[in-house]
Amino acid sequence: MTATLVTMGLTVLVTVIAALVTEYALRFLLPRYAEKFPWAPNLQVEMEVLREVLPQLEARVRFYINSDGERGDPPMRRGEDCYRVLVSGDSFAESWFVDQETNWCAVLQRQLNAPASLEALGNARVHVGSIARSLTTCRKQQTLLRSVLHRYERIDLLVLVPGLSEAVLWVQEGAPAELRARTAEDGEPNYGQHGNGPFGWRPARTATYRCISNMRNRLFVTRSHRTGCGMSVKKLRDKRATARIDDHQPDPSAILERYAEDLDALVRYGCRIARRVFAAIPAYIGVPDTPADEGQFWNFGYGNPHVGAVERYMSSRVAANILAAFNATTERVAAAAGVEFCRLEDHVDRNFEAFYDRIHLTAKGGDQVGRAIAAAVLAGSRHEPRAN
């Protein structure tokens with residue numbers, strides 16, 4: 001009996017020690033060697049949208065991620081004769097509330113896979129994958145691209161969608177004339193899967209759980225079904241409706257200068273890793289026609305409406321001026337770097353059939369954007385050795 005208890009005690013002790021050694025080893029190894037993905041691989045989210053809140057949107061929306069962590073079809077096979085398009089940007093490209101088949105990246109892929117388009121590009125097929133995520137600034141886009149580049153045999157076309165995140169975040173910080181010093185967090189993307197901490201001792205916070213979860217995502221499909229989608233938008237709109245609208249025009253000179261530097265660095269890095277770089281300059285709704293249309297907006301508050309009350313919001317007139325200034329900066333930087341660009345405001349209906357708020361597209365708007373980018377890409381298509 002005594003020998004049995006001693007054996008059991010030693011077994012428990014060895015198991016605990018082994019678990020602790022494994023946990024501490026993983027806490028050291030995961031941040032250094034775990035692969036990073038923009039979205040958790042093989043994620044499938046299906047959403048039921050509240051049409052009484054968002055009548056412009058589809059009632060059922062699918063948001064599917066492939067094994068490379070991109071929104072899009074399964075990735076191309078190594079060595080396949082495929083024109084690889086990678087889209088990097090923020091929520092304008094993410095298209096969270098637009099279905100898998102109707103978001104503008106899917107439209108772009110269909111347009112480029114037309115027989116005449118394939119003949120112009122000189123490939124058997126086209127694959128478009130999107131690593132766009134909400135509030136991903138130019139600095140974060142560059143970090144994200146560095147993190148995922150090793151998974152790409154080549155990138156034939158890199159589509160960058162810059163500017164909106166910088167504008168929104170600057171306003172959330174109070175639109176300061178003098179900018180705070182940069183921090184390391186400013187350049188760290190919001191990865192969907194990674195090996196970074198902080199870790200804890202609750203089961204779901206341990207490095208062991210993170211490691212198992214990461215492996216599961218690589219091997220199996222994770223399905224999620226969500227109902228009542230859009231209620232958060234209603235709450236955000238209600239916050240703006242009860243707040244003060246400020247028509248004062250802040251000075252964006254400092255943020256535009258920093259944005260130009262970050263965008264230039266992103267574009268030049270893109271030119272090193274991709275055969276072609278294309279800047280898609282976002283469209284937006286400026287000053288709406290009626291007060292009822294004004295109620296569709298929720299962003300551009302002097303504070304973060306997702307985490308607390310916001311007492312003051314930028315007026316539509318001022319927001320439109322700020323966005324126009326960012327877009328003009330984007331065009332200037334792209335032209336100076338010699339990369340192709342497209343002003344999407346020239347191709348998209350700037351109304352509440354193409355948008356469901358100031359900067360986010362519906363399926364109709366996505367169709368217009370996808371077709372416009374495809375036409376611009378084909379107009380500038382050329383065959384030359386890969387830059388990287």
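Residue indices begin from 1 for each chain and proceed along its sequence in written order. Two thresholds apply to this predicted model, a pLDDT of at least 70 for residue-level local features and 80 or more for giving and counting side-chain atom pairs, whereas whole-chain, interface and lining totals are computed over all residues. Excluding hydrogens and water, the side-chain values take into account all heavy atoms of the structure.

(A) Expanded view of the overall build of the chain. Scanning the chain for helices and strands turns up 12 helices and 10 strands. In terms of overall dimensions, the chain is globule-like: its C-alpha atoms have a radius of gyration of 23 Å, near the 21 Å expected for 388 residues. Considered along the principal axes of its C-alpha atoms, the chain spans approximately 85 × 55 × 45 Å. Each residue's exposure class comes from its accessible area (1.4 Å probe, protein chains only) as a fraction of the maximum for that residue type: buried when under 20%, exposed when over 50%, partly exposed otherwise. Considering the chain as a whole, with its 388 residues, one finds that 52% of them fall into the buried category. Should any heavy atoms of two residues lie within 4.5 Å, those residues are considered in contact. Within the chain, residue pairs in contact and separated by at least 24 positions form 80% of the contacts whose partners lie at least 6 positions apart. Working definition of accessibility: Shrake-Rupley area with a 1.4 Å probe, residue cover restricted to the visible protein chains. Roughly 17,900 Å² of accessible area belongs to the chain as shown, and the carbon and sulfur atoms make up 55% of that amount. Taken together, the 48 basic and 45 acidic charged side chains of the chain have centroids lying 6 Å from each other. Put simply, DSSP H or I for four residues or longer makes a helix, DSSP E for two residues or longer makes a strand, and each gets a number counted from the N terminus. For the radius of gyration, the atom set is restricted to C-alpha positions; the globular benchmark scales as 2.2 Å times the number of residues to the power 0.38. For the purpose of counting charges, residues Lys and Arg are taken to be positive, whereas Asp and Glu are taken to be negative. His and the chain ends are not included. We put the charge of a Lys on NZ, of an Arg on CZ, of an Asp on CG and of a Glu on CD.

(B) Up close: helix H12 (residues 363-379). Multiplying one less than the number of residues by 1.5 Å gives the expected span of a helix. Over its 17 residues, H12 extends 24 Å from the first C-alpha to the last, a length consistent with the 24 Å expected when each residue adds 1.5 Å. Along H12, the residues that are buried comprise Gly365, Gly366, Gln368, Val369, Gly370, Ala372, Ile373, Ala374 and Val377. Side-chain atoms alone can form a polar contact between residues adjacent in sequence; in general such a contact is a pair of N or O atoms within 3.5 Å, and within protein one must be able to donate a hydrogen while the other accepts it. The residue sitting at the N-terminus of H12 and contributing the capping side-chain oxygen is Thr362; that oxygen lies 3.3 Å from the backbone nitrogen of Lys364.

(C) Region of interest: a nonpolar patch on the surface. Residues enter patches when their relative accessible area tops 30% and they take part in no salt bridge; the joining distance is 9 Å for like charges and 5 Å for the nonpolar side chains Val, Leu, Ile, Met, Phe, Trp and Tyr. Think of a salt bridge as a Lys or Arg side-chain nitrogen and an Asp or Glu carboxyl oxygen that are within 4 Å of each other. A cluster of nonpolar residues, Val6, Leu10, Leu13, Ile17 and Val21, forms a patch on the protein surface that exposes about 450 Å² of accessible area. When you line up the elements, Val21 lands in helix H1 (residues 2-33). Here Val21 falls in the exposed class, since its relative accessible area comes to 53%.

(D) Broad picture of the confidence of the model for the chain. The predictor's confidence in any single residue is recorded as pLDDT, a number from 0 to 100. Summary statistics for the chain give a mean pLDDT of 94 and a share of 98% for residues scoring 70 or more. This model gives residues 382-388 a pLDDT under 50, and the stretch forms 21 contacts once residues within four places in sequence are excluded.

(E) Structural view of unusual backbone geometry. With an omega of 5 degrees, the peptide bond running from Gly197 to Pro198 counts as cis. Its location among the elements puts Pro198 in the loop between helix H6 (164-172) and helix H7 (207-219). Positioned with a positive phi, Ala175 is a non-glycine residue whose angle comes to about 50 degrees. One can find Ala175 in the loop between H6 and H7. The exposure class assigned to Ala175 is buried, which follows from its relative accessible area of 8%.

(F) Here's a closer look at the pattern of salt bridges. Counted by the stated rule, this structure contains 24 salt bridges. For Glu80, the salt bridge identified is with Arg125, shortest N-O distance 2.5 Å. Of the two residues, Glu80 sits in the loop between strand E2 (60-64) and strand E3 (82-89) while Arg125 sits in strand E4 (residues 125-130), which places them 45 residues apart along the sequence. Put simply, Arg240 and Glu294 hold a salt bridge, and the shortest N to O gap is 2.8 Å. Separated by 54 residues along the polypeptide, Arg240 in helix H8 (residues 231-241) and Glu294 in helix H10 (residues 291-294) bring together distant segments of the chain. Using a relative accessible area of 23% as the deciding quantity, one classes Glu294 as partly exposed.

(G) Local environment of the sheet that holds strand E10 (residues 340-343). Judged by pairing direction, the sheet is parallel, and its five strands sit side by side in the order E4-E3-E5-E8-E10 without closing on themselves. Since the sheet does not close on itself, it has two edges, and those belong to E4 and E10, each with one partner. Recorded for the sheet is a direction-independent mean angle of 20 degrees between the axes of neighbouring strands. To get an axis, fit a line to the C-alpha atoms, keeping to the stretch in contact for a helix; angles then go from 0 to 180 degrees between the N-to-C directions. Strands in contact with helix H9 (residues 253-273) are strand E5 (157-161) and strand E8 (276-281); relative to E5, the strand with the most contacts, it is inclined by about 165 degrees. Between any two strands, pairing holds if DSSP finds at least two bridges.

(H) Representation of the sheet that holds E2. The three strands lie next to each other as E2-E1-E6, forming an open sheet whose pairing is mixed. The open sheet has two edge strands with one neighbour each: E2 and strand E6 (222-229). Pairwise comparison of adjacent strand axes, ignoring direction, gives a mean angle of 15 degrees for this sheet. Relative to E2, strand E1 (residues 43-49) runs antiparallel, the two being bridged by five bridges. Following the sheet pairing, Glu46 is matched in E2 by Arg62.

(I) Expanded view of the pairing of E10. Burial along E10 is one-sided: the residues Glu340 and Cys342 are buried and none of Phe341 and Arg343 is. Bridge count between E8 and E10: four bridges; the pairing is parallel. Along E10, the bridge assignment pairs Ala280 with Cys342.

(J) Structural detail: the packing of H1 against H7. Where H1 meets H7, the closest approach of the two axes is 8 Å, and the angle between their N-to-C directions is 60 degrees. When the axis of H1 is compared with that of H7, the two are oblique. For the pair formed by H1 and H7, the contact residues are Glu23, Leu26, Arg27 and Leu30 on the first element and Ala207, Thr208, Arg210 and Cys211 on the second. When residue character is reported, Ala, Val, Leu, Ile, Met, Phe, Trp, Tyr, Cys and Pro are called nonpolar, Asp, Glu, Lys and Arg charged, and the others, Gly included, polar. The residue inventory of the contact of H1 with H7, partitioned by class, reads four nonpolar, one polar and three charged. Geometric relationships in this document are graded by angle, where less than 35 degrees denotes roughly parallel, more than 145 denotes roughly antiparallel, 65 to 115 denotes roughly perpendicular, and other angles denote oblique.

(K) Spotlight on the side chain of Asn196. For Asn196, the position within the fold is in the loop between H6 and H7. Residue Asn196 is classed as buried on the basis of its relative accessible area of 18%. Leave out the neighbours within four places in its chain, and Asn196 touches Pro31, Lys36, Glu188 and Arg210.

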